[in-house]
Structures are given as C-alpha cells and as structure tokens.
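Architecture and fold: a report
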Amino acid sequence: MTNVLTRRRRPGIARVVIALVVSAIFAIPLYIALVNVFKTNDQILLAPTALPAPFTLDNLIAVATGPRSHFWRNLGNSLIIVLPSMAGTVVLGSTVGYYLGRATGAGARLLQAILLLGLMLPFQVLLLPLSIILRTIGLQGSYVGLILFNIAFYVPFAAFVYARFVKTVPFELEEAAALDGARPLRTFVQIVVPLLRPTTASVMIFVGVWIWNDFLNPLVILGPGDGATVTTGIYLAIGQYNTDFGTMFALTLLAALPILAFFFALQDRFVAGLASGATKG
Amino acid sequence: MTLSTSASAVSRASARGRRKPRPLATWRFPFAIPGFVFYGGLVLVPLVLSFFYSFTDRSLLRPDASFVGFDNYLRLLSDPSFLGTFGFTSVLTVVNLVLVNAVGLMVAVLLDKVGRVFFAVRMAFFVPVALSGVIVAFIWSRILTDNGVLNSTLRALGLGDLAQSWLGTSFTAQASVVVVTAWQALGLCIVVYLAGLQTVPRELLDSARIDGCGPVGSFANVTWPLLAPSLTINATLLLINGFKTYDIPVVMTGTGPGGATSTVATEVIRVGFSLNRVGLASAMAIIMLAVVAFITVVIVGLLQRREVSN
C-alpha cells in the first residue's frame, strides 16, 4: 500500500515501470543522436533507429583527424572564450554580489533594480549597437570583445546568486576581522571568498553551459571563419556536410561531451543553485 | 488547522534567524564598481543606443541617420508579417508555459524517490538542459525531416498515411518548434520542482495523512501550496526563455516555411544584420524587451502574492 509515509522510501514496482517508460520516450532523440554516431551514412538513412551493425568508428575518426575538420581548432576557441569569461564573471559577480548582499540603502536598491533589468534582457536587443561599439573600439572580430561582453552580460546573474549567499554569512565573522585590523578587501578575500566556494561552483555551471552553447554571439562578434567555436562550428557544418549525417552526429557528440562532463560533474551544485532559488524565491 | 500553525511556526523561526546587516556596509561600494563598469559599458550603453536607434532610420551601410519619431513602431504594428511573427512567438511561449509546467510537475512527482533507477532516469531528463539549442535542433531535424526517423517509423508501422512533411507546412512546422523547445525546457522545470519537493517537510505530510488526507488530498493541500516558489521560478523562466526563442527555429526550420516559424528574436537579427535596417530591428528589439519585462513584473508580482498568501 502506498501512502504519504512511504514517500522517499522504496518506490513501488508500478512507479519504477512508469518512470522507465516515460523517460524512455523522452530519451528517444538522445538514443538516435548516440547510435547514429557509430553507423555508416547508408545505415543512418535505411535504419536510423536500429543499433549500429556493423559498428564503425569512422565518423568519430573523420571528425577527430579529417583534413577538412575544424573540430580541434574550434574546441580550442571555445576554451579560449569560456574559461576567461567564467573567471571574469566569477570575480566581478562575487564582488558586486558582496556589495548587494551587505548594502541596505536606497542607492543599493537602485543598483539592484538596474541589475535586475540585465537578468531578463534578451541579448538580441544588444547585438546591433554592441557590434557597432566593438567596431568603433577595434574589438569586433576579437576574442577579447566576446569575452568582455560575456562577462558584462552574466555579471547580473552571478551577482544575484552571490548576494543571496552573502546574506547567509554571519556578519560577526567580518566584524571580528575588522576588529583585528583587516581592511575591507582583506576581509573579503580571506573571510568571505573561502565561504563562497560552493556558490562559485553553481555560478560556473550555469555560466559555463550558457557560454559553451551560445552560437549567435560568437557568430556575430567573431564571424564564421577561424574564430568559430564548437557550437557555431556545428551550425556551419550543417550547411557544409548536409548529406554526411554520420560526420554530423559524431561532431555533435564530440561537441557535447566536454560540457556534459562538466555539467554532470557539478550537477549537485546546479541543483543546489536552483534549490536556493526555489526556496528563497 | 494544525498545518497552518506549524507552517507559520516554521516561517517565524526562520524570520528570527535572519538579521539585518548594519549601516557600516556602505564602504563596500567600491567592490561593486568594476562589475558595474563592465555592465554599464557593454550592456546598458548598447541598450540605450538600441532605444535611441529605434526612433531613427539608421542602417549599417551608411553612417548618417535621421530621426523618424515613432515611424518604425507604427510600421511594425501595421505589418501583417511582423504581427504573425509576434503571434507565433506568443503562442509558443504560452503553450510552453502550460505544457512544460504540467508535464514537468507530473514527472517531478513521479521521480521524487530515492534509488539508482530514479537517479539514472533524472539524469536522462537533465541531458537536454546542458545541450546547445543547435545540437537539439540538429537531432530533431533528422527525426522530423521528410525522409526522417518519424516518417520512416510511421511507414514501418503501417501508418504511412500519417507521414507528412513535418517541417514543410506552416502548422506542423510551428507545432514542431513548440514541441522541440518544450522538450529542451522540460529538464530544468523538473529540476526546479524536484528541488521544491525536497523542501516539503515530512511531518506536514504525515499530519495530513493523520487528518485523513489521501495522496491526492495531501498533494493539493500540502505539497502544491508549498511548491508556490517553484511555480514562480518555472513560470518566469519559461515565459522569458519562450519569448527569446532563437536557436531552434533558426537551425531546425530556417524560420520557414515562408517565415512561419520566425520569432521576434530571429526577426531582430534578420532585419538588423541581413537587411541592415538597424532602426527597424531596434524597434522590434525594444518591443521584445518591453513584453519580456512586462511579463516578468506582472507574473512575478501575481505569483509572489500567491506565495505570501500561503
């Protein structure tokens, strides 16, 4: 008999079966994306849902070593963009969040409202004037331009996540440090920053996934040539290899693996980040 | 009765635990300066420029531009193709909101159990959350294209009559974009509801059972009201992200056939960068921002009032 007392205890067999059926239906596209990596183009067209027989690694090899493949260059571009963008967002987001978490005046409320606007702003709204600005200051077509924009765009999100956590850090800790003669910067670096580590993981997972998967900003700011990232690379390859589906499936798998590994390594922080939002609104 | 007293006791206890920071806090302002310089220079300045351009006939091709008042806005509001785009974007957003919330809540309740099977199943729902819209659109385009997985499966099952050009006719292409965006959004919605379900105290459910509530009654009287913050988050995320939909129509349908699956976001980029009509595209962008901001303020206001009244 199921009742509320058995909740979160051993699930009934019916629930297990329903859960498996529902998730199997949901996961059909993922299954198709995975099995077709290991098939020839003929097999993909004839039997897209069948298991790979014969099993081939040719598609993966073509993407990894093919003369026309830009995969490694694009992977490098993605890392060159994602890592500094994440680092910058963490540094600037945590300092702004520290201020927002502690400040109480009307000025702080105004700054908070201005940042809130950034949370709901679609970046399509900014791209036209942004590309004009970047062209004017000579950063259009450069990694630096894209990285600076990523940081600026994600600072509001990071600041709010940090601010929410800073509010839970006991103020007495900082007072004690101040009594011991520590200046504000030192208090922040030595007392607050070590406590922010789990929050930083939450910020990194969201911002990392967003920037890795972004394709419009790199396409507009860097252009389609040597500056393509793995994500823009897929978009460009869809036009280029439009009949070579095996290569396309292999390319999508290789492009998704790094971010999936990162996502699942930190997934408990992802859930925690959302959970703190879910309980504190 | 017992429920409401214990719930308010919980909230009283948490209110007592919270303390107000002291005014000493103002000297922390320098910490906010670098972040605001970035945000101001690369987000607020473009935003103001976008607003300014929307009242001009500015083009990327020539440096001079003249002030045209509300011409761009009036033109958009009387342009059937933009109104069609706006209509499709709105329908997509609302269907996503209702569909994803309903399915997401059901799946979250289904999966709110411990055990290896449930952990693995939850992971399957999370995968699309971490995937790029470009990848999701590519996978689904192989399913929905004329000689794709869906049609070949229908024919193999003897349902060949149902096979059709899913991405080739307006209605089915629009429905496809809605389904695919919902498929990608579902995982995040489930995570938020699962996190919300973890916060429902066992004691409240136990006392509901003692008061004679069945599973449905305890869900309606205990769980659902306590999920109010999760609903607020999901509704806000789904509305904002729905209205911003870009990657999936661009990659899966090329916004076709005949622009049937174009969204406001795809039109901003097409009109601005392909047609070089910065003024007109900026007016679209400002309309888009106004709608998103309006939705957010109204929905968050309504739903948070509901949270408080609980």
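See the structure above.
Thresholds, definitions, all that
Residues numbered from 1 in each chain as written. Chains lettered and ligands numbered in written order. Predicted model: local features only at pLDDT ≥ 70, side-chain atom pairs only at ≥ 80, totals over all residues. Heavy atoms only, no water. Phe/Tyr/Trp six-rings, centres within 6.5 Å; stacked < 30°, edge-to-face > 60°. Helix = DSSP H or I, 4+ residues; strand = E, 2+ residues; numbered from the N terminus. Buried < 20%, exposed > 50% of the residue type's maximum accessible area, 1.4 Å probe, protein only. Contact = heavy atoms within 4.5 Å. Buried area = accessible area lost by both parts, 1.4 Å probe. Polar contact = N/O pair within 3.5 Å; in protein donor to acceptor, adjacent residues only side chain to side chain. Nonpolar A, V, L, I, M, F, W, Y, C, P; charged D, E, K, R; others polar. Salt bridge = Lys/Arg side-chain N within 4 Å of Asp/Glu carboxyl O. Patch = residues over 30% accessible without salt bridge, like charges linked within 9 Å, V, L, I, M, F, W, Y side chains within 5 Å. Areas by Shrake-Rupley, 256 points an atom, 1.4 Å probe, with all protein chains shown as cover.

Looking at the packing of aromatic side chains
Evaluation of the coordinates by the stated rule reveals 28 aromatic pairs over all chains. On the numbers, 5.5 Å between centres and 35° between planes, the contact of Phe149 of chain A with Phe153 of chain A is tilted. Residue Phe149 of chain A and its partner Phe153 of chain A are located together in helix H8 (residues 143–166), separated by 4 residues, close to a single helical turn. Judged by relative accessible area, which is 1%, Phe149 of chain A ranks as buried. Phe153 of chain A gets classed as buried once you look at its relative accessible area, which sits at 9%. When the ring of Phe51 of chain B is compared with that of Phe55 of chain B, the centres are 5.4 Å apart and the planes differ by 80°; the resulting orientation is edge-to-face. Looking at Phe51 of chain B, the relative accessible area reads 44%, which means it is partly exposed.

Some remarks on the interface of chain A and chain B
Contacts between the two partners involve 93 residues from chain A and, on the opposite side, 98 residues from chain B. Both sides of the chain A and chain B interface together cover about 8900 Å² of buried area, and 79% of this is carbon and sulfur. Along the contact surface separating chain A from chain B lie 9 residue pairs in polar contact (both at pLDDT 80 or more). Counting residues per element, the side of chain A that touches chain B draws most heavily on helix H7 (residues 124–136) of chain A, which supplies 11 residues. In terms of residue class, the side of chain A that touches chain B is made up of 67 nonpolar, 17 polar and 9 charged.

Considerations on helix H9 (residues 202–210) of chain B
Looking only at H9 of chain B, the buried set comprises Leu204, Leu205, Asp206, Ser207 and Ala208 of chain B. Gly212 of chain B lies just past H9 of chain B and shows a positive phi near 95°.

With respect to the side chain of Thr56 of chain B
All names here are of chain B. With respect to the helices, strands and loops of the structure, Thr56 is situated in the loop between helix H2 (29–53) and helix H3 (71–77). We classify Thr56 as buried; its relative accessible area is 5%. At a separation of 2.8 Å, a polar atom in the side chain of Thr56 contacts the main-chain carbonyl oxygen of Tyr53. At 3.2 Å, the side chain of Thr56 forms a polar contact with the backbone nitrogen of Arg58. Contact partners of Thr56, with chain neighbours within four places excluded, come to Ala65, Ser66, Phe67, Val68, Asn72 and Gly279.

Some remarks on the pattern of salt bridges
Residue and element names in this part refer to chain A. Summed over the entire model, instances satisfying the criterion amount to 2 salt bridges over all chains. For Glu174, the salt bridge goes to Arg102, with nearest N and O atoms at 2.7 Å. Of this pair, Glu174 sits in helix H9 (residues 171–179) while Arg102 sits in helix H5 (residues 71–102), placing them 72 residues apart in sequence. When its relative accessible area of 2% is taken as the criterion, Arg102 is described as buried.

Observations regarding a nonpolar patch on the surface
Residue and element names in this part refer to chain A. On the surface, Ile13, Val17, Val21, Ile25 and Ile28 cluster together into a nonpolar patch covering about 480 Å² of accessible area. Among the secondary structure elements, Ile25 is positioned in helix H1 (residues 13–26). By relative accessible area, which is 56% here, Ile25 ends up exposed.

Re the environment of Ala124 of chain B
Relative to the elements of secondary structure, Ala124 of chain B occurs in helix H5 (residues 116–130). Overall, Ala124 of chain B belongs to the buried group, its relative accessible area being 18%.

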